[in-house]
Structures are given as C-alpha cells and as structure tokens.
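# Survey of secondary and tertiary structure
Single-letter residue listing:
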2 protein chains.
Amino acid sequence: MRFLIAYGSTATAEIDGISAAGATPGVMYHTPAADAELTTYGALIRTHAVPVSPAGCPTPAIITRAILNLLDRHPLAIDAGLNVATGAPTIDMTTSPGGDIREPEPVPRAEQLVGQGRELGERVPDADLVLGESIPGGTTTALGVLRALGEPFGVSSSLSENPIGLKETVVQESLRKNDHEAGAAASNPVLALRCHGDPVLAVLSGICLGALEADRSVMLAGGTQMVAVAALVRHAGESAPLTLATTPFVAEDPAVELAAAGEALNLSIRVTDPGFGEASHVALERYQAGEAKEGVGMGGALALAAEADIPMSRVRGEIIRVYDSVVTHGA
Amino acid sequence: MRFLIAYGSTATAEIDGISAAGATPGVMYHTPAADAELTTYGALIRTHAVPVSPAGCPTPAIITRAILNLLDRHPLAIDAGLNVATGAPTIDMTTSPGGDIREPEPVPRAEQLVGQGRELGERVPDADLVLGESIPGGTTTALGVLRALGEPFGVSSSLSENPIGLKETVVQESLRKNDHEAGAAASNPVLALRCHGDPVLAVLSGICLGALEADRSVMLAGGTQMVAVAALVRHAGESAPLTLATTPFVAEDPAVELAAAGEALNLSIRVTDPGFGEASHVALERYQAGEAKEGVGMGGALALAAEADIPMSRVRGEIIRVYDSVVTHGA
C-alpha cells in the first residue's frame, strides 16, 4: 500500500469567506506546507504553526499522521503547487499555484499535470494506492470542475456554516468568463481542470487514471474534492472499480448528496466513524461540531485503521498524543 | 531512526577519468536521480536505467533498498543539487549543482546550505539519524575538503583502479586557484566547502551539526565522503560522539587509512561485511572485485541489518531479488 497526498494552492482561496484553512492568505498558503511536514514527520520542520481553524479545529493532518503511526506506514507527499516552502520531501510536479477560477486559465498546464500524474500512477510499484489532498479553497475548485463536467452534486466545507451560495456564485462566474454552460467540459476533463479546477485535482486525477490503467486498486481518501477526482476519471472514460473513503462528517452533510454521487460515478463509498463524540478533548470536539470534516487523507486513514482492526479508542488516543506533542513543541 | 540520503551533483565529475558513476556526463547526472527513486520505491519512476558502472557493477542504492525492505523502513531523500529530475520525493535545499572545483567558487551558497542542513538536523524529531549520500565525483570534492582543512587522509574510488593521482592533481589545482595552502581552511569549514567542496557535503555537515547540537545520535553511512563530513563537523568545533558505518571494501582500501582517520577525528568506526564472496551473482561479484565499494548509505544499511540480527545470507538474497526486479522491469 502506498499513501500519496498532493499538496497545493489556488488563489481562489483568497476570495473572502471561501475557506477555513486560514484567516489570511499568508496563513492559508502555510497550511498545506505544514500539513506535509506533519504527515511526514509528526512535527513541524520549516513551518512555524500547526494549522488551526479560526474556531480552533486542528488540521486533519494530525489525524492522518496518528493513524499512520499506529500502522507504521510512511506517506509520500506531492508538490502540486505549494506557495510556501515545506521541510517535507515532495515529488516535484513543476507546477505553479493555481489561479483564481474567475481568471481565464487558472491551471494553464492542466494537460501536462494530468500526464505527469498518470506516469507516476503507472510506475509506482505498489498494488494499492491511497490518494489524499490538502489545498485551501479546494472545495470551490471541486465545485467548478463538477459543474463544468455537468455533475449536479454539492460540496462540503471546512467551515461549520458552508458558504455554498458564495461558492456557486464564484463557479458561475468561472463558467461565464469562458462562455461555458454547465456540462460544457463533459467530454473534456482537461478543459474543466484548466478553466475551473486546481493543480491538485489535475495531478490526482492523472495518478488515479495511470494506476487504474496499470490494474492497481485505488482508494480516494477524502470528501467532495475526491468526488471531483472520481468525476474527472469517469469523464475521461475510465470505468474500473474505485473506492472513496471518507468521514461521517462529509457523509452526513446534506449539502453533499454523497450516496447519489457514489451511485452516479460508480464509487464504492466507505465511511469510517472515529467516534470523536466519545472523547472530550479540544483536538476532537471541533470535528464533532462540524468543522474541518475531512482532508489530508483523513477518511482513508480511518478506513485503513478499521481494516487493520485498530480500535477507534486507540486511534483517538494517538490523535490526542500527536496533537499534544505538536501543539507543545511545534507551535 | 531516520535514514536521510542527500543526492546531488558537481561538475568536477565531468573531468575525464574521475568517476565510475557513469560513462558520460548525461549518464552520470542521471545516477543520483535514479538512486533516489530506487531507495524510495525499489523501482524507477521518471529515470530510465539502473545505474551500472562500465564494468557492470550495479549502484549500491539496490543494496540499501534491499536492507530497508527487510527492516520495513522508509528513507528520506534530500535534493542537494540534482541535475536531472527525479520521481522520488525530495527535501528541497534550493541549491544548484556544484561547480568544478578548479573554478573560483564551486559552491557559492555553502554557508546557506550548512544553515539549512543544520535547521533540518535540529528539527527532525527522531533520536537517531543515519546519513548517506549519492554524488558522482564526490570522492574528489571530499579530497578537496580534506586538504583544505589540512587533513592528510586519502579517499577511495568507485573504480577498481583508483585514479588517486588525477584526484590529487585536481585538488592541487583547486587549492592553487584560491591561493590556498593545504590547511588554509582549517578553522573555516565553510570556506573549504565553498571553494573545494560540493553541495552534498555542505548539507550533510549542516544536518550532522544540527542533530548533534540537539543531542541526537548520528551515524554517518558511507566511506571517505563521510570522513570529509566528519572532518567538517570536527573543524566546526563539534566534539560529540559520532559513528561512521562503512563496508570492508572501503575499510580495506590502502588508499584510505580509515583507522587513522577514525582516530584523528574521534569517530567510532563500524565495518559490516555483507559476505558477497559467498554468493555468485552478477549483482554482487563486481563489489567483490573492488568496484563501487560504498555509496547511497550502503555501509549504514549493512550496520542496521547487523544490529537487527538479520543474517547476511538473507540480505544477499533480498539484494538479488531487488536487482532482478529492477533490471527486468526498470531498465
């Protein structure tokens, strides 16, 4: 098994009110760089603060790292457009950060990114791949891609109040500026990525395509951004089995319609409940209140813990241990 | 335990007859990029041939990967001046390849590289670090650093016939072009690196300093290039205990005087014999004939296998398995 997580950025996140991943652009762009360090080392190396939402919800990177500790596994990080230097080792995709999707071509090199991702997915010599992401603003670009492909599904939010109206407005503006109707890119996923997506979606859809073509099994670890990856793969004509592993926070979000998306895109949906309601700790209670919900491969990591029969009480204990260690030593 | 390997390049390797790491500059620069992929994945990803010496000796990356398979450990790669893109995830040191040491300043950013390495060594949260390298031409730059520091020791070669006269001539020319006598940089290791070294030595000496300052244990995994790293660390005033783990091929090389270097630099020397003479396989017999000798952390990997009580027959079996798999599927 190989756990690959793509980290990147999109200027779309700078639109007021879009993302919880940081209060200001500086803090926001810092989030994926810090997430890469936390998942790699369980500590910060070059970055200087553990990403925490305005209401105090810590990054899901802590949850993924805690579970990988219990499984003794090591994830690989992909630089799919980081805007801030990370101390984690990253596979270089030679891409710039994504632009604001209201600009003409937010991902001008989308085709090359899909190609590079595909090559990686074909050549990584593991039978099973798990794919995750960290990109602030990523649910808005995911919505842009879904609408451009003609898919009707909604997206979740890392905020407890989903600014879904704002996201739809931004996506409508993105479609309009290219004279695209919804569904204009239904037979051209690269067009959807180039005009309405982000570099993380481009790289991950490429990896997924390459891995499926090489007869590997792929688990998409995440929420609605991974639904967008699945949609890109299906619209590219790939019909091989595909699993999406996510959290109850996404699965129970009425904005998402996850079951319908799973059916339409032929996804096997796996939801793993970490039982955060049973522990009272600052690291967990904001999740229970509906913040963060997913990200940095959290749903996939939970699925791997369940597969390995690790009790969720042990998972929660290790999350608290990692949280206390990075919040004490890392911030 | 954290196994960190720095990969880089120096134009010094292009001097005719210096390195066995490739017949032409193109092939040579490809070697560390491929080594990083082999140690990370046990397979090639973006590069297209397993590095093999002109006489058919495969890269020690295969040996290190085989042992890490048996130990179920994952190494981290550092880009300390790669000249060819690698598909391995790398920690970015934002350095260019090193220049020819006969030019005025082959490593103009030596001070920053030592500083970045130091930060990494301080912050990586593991109690034990193992450090390795892959840089064609690296024994010549190591000799340059040793002479600039005023250390008298010789260096080994990846060729069975060590072109030691040529290396000494190149190093004399390097010293002369800066008006340096031997020992001119004895109290200024950054000067030795900037004028006579390479970016890999700069980064590794920085990591070693940072880790020792943070009370970590460090094992230098390699031969005479790691002697140069130790010399840089000692000349920077750091006297903490330090282990150098290498192969019998280096330890028994009369050009090297390893025991004397160990005594002068206060190194605990550990030599682990992989018993390659007991197996007859193309992947091992060129080592027995004196080629390659070390590199890509091989001596350290062997020491870790011995510490874990893995029989060398099992190590040899896994080396042959990895070799057959990459030579069949990767080349």
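Structure's up top.
Residues numbered from 1 in each chain as written. Chains lettered and ligands numbered in written order. Predicted model: local features only at pLDDT ≥ 70, side-chain atom pairs only at ≥ 80, totals over all residues. Heavy atoms only, no water.

### Observations regarding the overall build of chain A
Inclusion rule: Counting from the N terminus, the helices are DSSP H or I runs at least four residues long and the strands are E runs at least two residues long. We compute the radius of gyration from the C-alpha atoms alone; for a globule the expected value is 2.2 Å times N to the 0.38, where N is the number of residues. Partly exposed residues are those whose accessible area sits between 20% and 50% of the maximum for their type, while under 20% is buried and over 50% is exposed, using a 1.4 Å probe and protein chains only. Every residue pair with non-hydrogen atoms within 4.5 Å of one another is taken to be in contact. In this description, accessible areas are obtained by the Shrake-Rupley approach with a 1.4 Å probe, and a residue is regarded as covered only by the protein chains that are shown. As used throughout, the charge tally considers Lys and Arg to be positive and Asp and Glu to be negative, leaving His and the chain termini uncounted. Where a charge sits is defined by one atom per residue type, namely NZ (Lys), CZ (Arg), CG (Asp) or CD (Glu).
Broken down by element type, chain A carries 13 helices and 7 strands. Taking 331 residues into account, the globule formula puts the C-alpha radius of gyration at 20 Å, and chain A, at 18 Å, falls close to it. C-alpha atoms of chain A, sized along the principal axes, occupy 50 × 40 × 35 Å. Taken across its 331 residues, chain A has 64% of its residues classed as buried. Pairs at least 24 apart in sequence give 77% of the contacts found in chain A among residues at least 6 apart. As displayed, chain A offers around 10900 Å² of accessible surface, 48% of which is attributable to carbon and sulfur atoms. Distance from the positive charge centre (21 side chains) to the negative charge centre (39 side chains) of chain A: 4 Å.

### Topic: the environment of Val256(B)
All names here are of chain B. Position of Val256 among the secondary structure elements: in the loop between α9 (248-251) and α10 (258-264). Look at Val256 and you get buried, because its relative accessible area is 2%. It is 5.9 Å that separates the C-alpha atoms of Val256 and Ser156, two residues lying 100 residues apart in sequence.

### Focus on the nonpolar core
Heads up, the condition is: Nonpolar cores are built from buried Ala, Val, Leu, Ile, Met, Phe, Trp, Tyr and Cys residues. Side-chain atoms within 4.5 Å join them into one set.
Judged by nonpolar contacts, the single largest core of 113 residues is most densely connected at Tyr41(A), Val315(A), Ile78(B), Leu120(B), Ile207(B), Leu220(B) and Leu242(B). At 10 residues, the largest contribution of residues to this core is made by helix α7 (residues 199-213) of chain B. Sequence-distant contacts of Ile207(B), that is, excluding residues within four places in its chain, are made with Leu4(B), Ile78(B), Gly117(B), Arg118(B), Leu120(B), Gly121(B), Leu129(B) and Leu131(B). Leu146(A), Val190(A), Val227(A) and Leu267(A) belong to the second-largest nonpolar core, a separate cluster that totals 68 residues.

### A closer look at the packing of aromatic side chains
Where we set the bar: Each aromatic pair joins two rings of Phe, Tyr and Trp (for Trp, the six-membered one) with centres within 6.5 Å, and gets the label stacked for planes under 30 degrees apart, edge-to-face for over 60, and tilted for any other angle.
In this structure the tally under the stated criterion is 6 aromatic pairs over all chains. Taking 6.2 Å as the distance between ring centres and 45° as the angle between the ring planes, the aromatic pair formed by Phe249(A) and Tyr287(A) counts as tilted. Highlighted residues: Phe249(A) in helix α9 (residues 248-251) and Tyr287(A) in helix α11 (residues 282-288), separated in sequence by 38 residues. Accessibility classification places Phe249(A) together with Tyr287(A) in one group, the buried group. Between the aromatic rings of Phe276(B) and Tyr287(B), the centroid separation amounts to 5.6 Å while the plane-to-plane angle is 70°, which identifies the pairing as edge-to-face. Of this pair, Phe276(B) sits in the loop between β7 (268-271) and α11 (282-288) while Tyr287(B) sits in helix α11; the two residues are 11 residues apart in sequence, bridging distant segments of the chain. Look at Tyr287(B) and you get buried, because its relative accessible area is 1%.

### Digging into helix α1 (residues 25-41) of chain A
Residue and element names in this part refer to chain A. Heads up, the rule is: A helix is expected to reach a length of 1.5 Å times the quantity of its residues less one.
In a regular helix each residue adds 1.5 Å, so 17 residues correspond to 24 Å; α1 covers 25 Å between its end C-alpha atoms and thus fits that length. Burial runs high along α1: 14 of the 17 residues are buried. Of the residues trailing α1, Gly42 is marked for its positive phi of about 70°.

### Quick notes on the side chain of Ser9(A)
All names here are of chain A. Selection criterion: Counting of polar contacts relies on pairs of N or O atoms within 3.5 Å, with two restrictions inside protein: one atom must be capable of donating a hydrogen and the other of accepting it, and residues adjacent in sequence are counted only when both atoms are side-chain atoms.
Assignment of secondary structure puts Ser9 in the loop between β1 (2-7) and α1. You can call Ser9 buried: its relative accessible area is 1%. In this structure the side chain of Ser9 is engaged in a polar contact, spanning 2.6 Å, whose partner is the backbone oxygen of Gly81. Not counting residues up to four positions away in its chain, the partners in contact with Ser9 are Tyr29, Ala80, Gly81, Leu82, Asn83, Pro97, Gly98, Ile135 and Pro199.

### With respect to the interface of chain A and chain B
Note the cut-off: Note on definitions: buried area is the accessible-area loss of two parts on being combined, 1.4 Å probe, summed for both. Only one rule defines a salt bridge in this text: a Lys or Arg side-chain nitrogen within 4 Å of an Asp or Glu carboxyl oxygen. Charged means Asp, Glu, Lys or Arg here, nonpolar means Ala, Val, Leu, Ile, Met, Phe, Trp, Tyr, Cys or Pro, and polar covers whatever is left, Gly included.
With 28 residues of chain A at the contact, the number on the chain B side is 28 residues. Of all residues in chain A, Tyr41(A), Arg46(A) and Arg123(A) give up the largest surface area on contact with chain B, accounting jointly for 28% of the area buried on that side. The tally of links between chain A and chain B comes to 0 salt bridges. If you look at where chain A meets chain B, you find 5 residue pairs in polar contact (both at pLDDT 80 or more). Of all the secondary-structure elements, those providing two or more residues to the side of chain A that touches chain B are α1, β2 (76-79), β3 (90-92) and α3 (110-123) of chain A. For the side of chain A that touches chain B, the element with the highest residue contribution is α3(A), accounting for 4 residues. For the side of chain A that touches chain B, the residue count by class is 13 nonpolar, 8 polar and 7 charged.

### Regarding unusual backbone geometry
Residue and element names in this part refer to chain A. Positive phi, normally seen in glycine, also occurs at Lys293, with a value near 75°. By the secondary structure assignment, Lys293 is in the loop between α11 and α12 (298-307). Of the residues examined, Lys293 reaches a relative accessible area of 7% and is grouped as buried. Backbone geometry at Val296 places phi at a positive 55°, although glycine is not the residue there. Relative to the helices and strands, Val296 resides in the loop between α11 and α12.

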